[in-house]
Amino acid sequence: MGYLIILLLLFIICYISIVVYIKNKVKLNSSINTLDDGIGFLNDKDYEKALKEFLKAKSILPKSAKAYSLIGKVYVELNEFDEALEYLNTSINYYIEDVDAYYSRIQVSLYFNQLGNIIKDCNKILELNELNHIALYYRAYSYHEMGKLENALNDINKCITLSPNEPLSYGLRSSINKDLGNHKSSFEDLNKSIEMCSNYTNVYYKRATIYEKIKDYDNAIKDLNKAIESNRSDSNSYFSRGNIYIKIKNYDNALKDFNKSIMINPNNNKAYNNIAFIYIRLKQYENAFKNLNKSVQISENLSQSYKNYAHLFLKLSNVKDAEENVLKAIKLDSSNGDNYIILAAINLYNKDYNSCYTNLKLAKDTVINYYDYFDDEIFDKIKHEDEFLSLFGNSSI
């Protein structure tokens, strides 16, 4: 009798195992088929249908790293970067070797200008495959933005060796060589890049990106003008031209371009942020607040928004809120030298000169985008001192 009971139990266990296996196999096949359907929609740029299929696949297999990765990718395409980051982080937690998820997360970090995060993700990809030219490109880009020029040159040389037909790689190397003082090599790479751009549909936009990197703003604007003429619904071209107008302090045209970019893409929080940046310089502080509020409503992860809040509060002598916001900006992006200049200004308000120079040195060692912060009256206290001049010379006075 006991023997029969044991056999019966074994039969029940085997039966349950087979049923569970079959159910899991059916779920897996259903999830794979649903993901395939979604990928088809994604390739056709039908993001709404793609997202619907990927969410369905996730409901079938709630711990499918691939589903989370693809959902994140759709949100990147839709410029909904906060949502993208949430799904991509989950995907990587489930499967740490998902290179596609790292690629998508790099796009999010590029949007938020989080250079340290880009380097971390590139390092992970290169641990998995040291010959990945895409990771080498983005790491080189980040090192260049951080002023680590030798590291940047080393990576971009490897990238070009592995994939010699990418015009943006030559454009980036041109910019790196220019900053290193290698002007002959810089122009050789620039010409190579422009020559190769003729094979691309959006030649003017890509070439404008190259010209901007080497600070040839006149030619960058000319190419963006042509890009806009060929496609007047391209939000990115208006946004890029607006950025260049900021750099040459043509604020009227910059405002027009950012507003046009927002008309095409109402979720462009960077455009709202840049409008606020301009209004601070035009001393239209109420308008600056309105646009910063809109930027943060769209996304709370843009470091530059908090940096601009800090600068705005400082203009209004609200030192406490200025400090709170600039520290938030630094937490999101510690590679932006502008943050440390504003923190140094706060130190001056508090008469903490040691911390002021500590932060100015940090600014000098990172990437300073705009030196006009030194035009603020608070820096009159130190801008003629030897220690300040040893850091920034007379160019900032």
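Residues numbered from 1 in each chain as written. Predicted model: local features only at pLDDT ≥ 70, side-chain atom pairs only at ≥ 80, totals over all residues. Heavy atoms only, no water.

Caption draft 1: Just the packing of aromatic side chains, in detail. What the rule picks out here adds up to 19 aromatic pairs. Geometrically, the ring pair formed by Phe81 and Tyr111 is stacked, given 4.0 Å between the ring centres and 20° between the ring planes. Remark: Tyr111 occurs in helix 5 (residues 99-111) and Phe81 occurs in helix 4 (residues 81-94); sequence separation between them is 30 residues. Phe81 gets classed as buried once you look at its relative accessible area, which sits at 8%. Ring geometry for Tyr306 versus Tyr309: centroids 6.5 Å apart, planes at 40°, classification tilted. On the criterion of helical spacing, the pair formed by Tyr306 and Tyr309 is a turn pair, its members being three residues apart in helix 17 (residues 303-315). By relative accessible area, Tyr306 is classed as buried at 6%. Given a relative accessible area of 10%, Tyr309 falls into the buried group. The cationic tip of Lys270 hangs over the ring face of Tyr111; the distance from NZ or CZ to the ring centre is 4.5 Å. (Phe/Tyr/Trp six-rings, centres within 6.5 Å; stacked < 30°, edge-to-face > 60°. Helix = DSSP H or I, 4+ residues; strand = E, 2+ residues; numbered from the N terminus. Buried < 20%, exposed > 50% of the residue type's maximum accessible area, 1.4 Å probe, protein only. Lys NZ or Arg CZ within 6 Å of the ring centre and 35° of its normal.)

Caption draft 2: Spotlight on the state of the cysteines. Per the stated rule, a full pass over the model turns up zero disulfides. The thiol sulfur of Cys122 is not disulfide-bonded, and the nearest other cysteine sulfur, from Cys159, lies at 10 Å. (Disulfide = S-S within 2.5 Å.)

Caption draft 3: Highlighting the layout of surface pockets. Considered as a void within the structure, the second largest pocket measures approximately 150 Å³ in volume. Along its surface, the second largest pocket is lined by Leu85, Asn89, Arg105, Val108, Ser109, Gln114, Asn117, Lys120, Asp121, Asn301 and Leu332. Within the residue set of the lining of the second largest pocket, elements represented by two or more residues are helix 4, helix 5 and helix 6 (115-128). In the lining of the second largest pocket, the residues fall into three nonpolar, five polar and three charged. (1 Å grid on protein atoms, 1.4 Å probe; cavity = no way out; pocket = protein on both sides within 12 Å on 5 of 7 lines; lining within 4 Å. Points joined across faces, edges and corners; volume = space filled by probe spheres on them. Nonpolar A, V, L, I, M, F, W, Y, C, P; charged D, E, K, R; others polar.)

Caption draft 4: Quick peek at helix 11 (residues 203-213). Of the positions making up helix 11, those classed as buried are Val203, Arg207, Ala208, Ile210, Tyr211, Glu212 and Lys213. Residues of helix 11 that are buried make contact with helix 7 (133-145), helix 9 (167-180), helix 10 (183-197), helix 12 (217-230) and helix 13 (235-247). (Contact = heavy atoms within 4.5 Å.)

Caption draft 5: View of the side chain of Ser91. Its location among the elements puts Ser91 in helix 4. A polar atom in the side chain of Ser91 sits 3.0 Å from the backbone oxygen of Ala65. For Ser91, the side chain forms a polar contact with the side chain of Asp98, separated by 3.2 Å. Leaving out residues up to four positions away in the same chain, Ser91 has contacts with Ala65, Tyr68, Ser69, Asp98 and Ala101. (Polar contact = N/O pair within 3.5 Å; in protein donor to acceptor, adjacent residues only side chain to side chain.)

Caption draft 6: Molecular detail of helix 14 (residues 251-264). Relative to the 20 Å expected for 14 residues at 1.5 Å per residue, helix 14 spans 20 Å between its end C-alpha atoms, a close match to the ideal helical length. Taken together, the buried positions of helix 14 are occupied by Tyr251, Ala254, Leu255, Asp257, Phe258, Ser261 and Ile262. In an axial view of helix 14, the angular spread of the buried residues amounts to 165°, which keeps them on one side of the axis. Facing away from the buried side of helix 14 by more than 90 degrees, the exposed set consists of Asp252, Lys256 and Met263. (Expected span 1.5 Å × (residues − 1). Arc of directions from axis to C-beta.)

Caption draft 7: Seen up close, the side chain of Ser299. Turning to its location among the elements, Ser299 is positioned in the loop between helix 16 (285-298) and helix 17. For Ser299, the side chain forms a polar contact with the main-chain nitrogen of Asn301, separated by 3.2 Å. Residues within four places of Ser299 in sequence aside, it is in contact with Asp82, Phe112 and Asn269.

Caption draft 8: Summary view of the nonpolar core. Within the largest apolar cluster, 66 residues are counted, with the highest numbers of intra-cluster contacts made by Phe258, Ile278, Ile346, Leu360, Phe379 and Ile382. When near neighbours in sequence (up to four residues on either side) are disregarded, Leu360 contacts Ala344, Phe374, Phe379, Ile382, Phe388, Leu391 and Phe392. One finds Tyr47, Ala152, Ile156 and Ile176 within the second-largest nonpolar core, a separate group that totals 50 residues. (Core = buried A, V, L, I, M, F, W, Y, C linked by side-chain atoms within 4.5 Å.)

Caption draft 9: Quick peek at the pattern of salt bridges. Under the criterion given, the structure shown has 14 salt bridges. The salt bridge involving Lys290 is made with Glu286; its shortest N-O contact spans 3.9 Å. Of this pair, Lys290 and Glu286 are both found in helix 16, four residues apart, which corresponds to roughly one turn of the helix. A relative accessible area of 46% means that Lys290 is categorised as partly exposed. Given the relative accessible area of 58%, Glu286 is considered exposed. (Salt bridge = Lys/Arg side-chain N within 4 Å of Asp/Glu carboxyl O.)

Caption draft 10: Quick peek at unusual backbone geometry. One non-glycine residue with positive phi stands out, namely Lys45, at about 60°. Looking at where Lys45 falls in the secondary structure, it is placed in the loop between helix 1 (2-43) and helix 2 (47-60). Accessibility expressed as a relative area gives 62% for Lys45, which makes it exposed. For Asn113, which is not glycine, the phi dihedral falls at a positive 55°. Tracing the backbone shows Asn113 in the loop between helix 5 and helix 6. Overall, the relative accessible area of 19% leaves Asn113 in the buried class.

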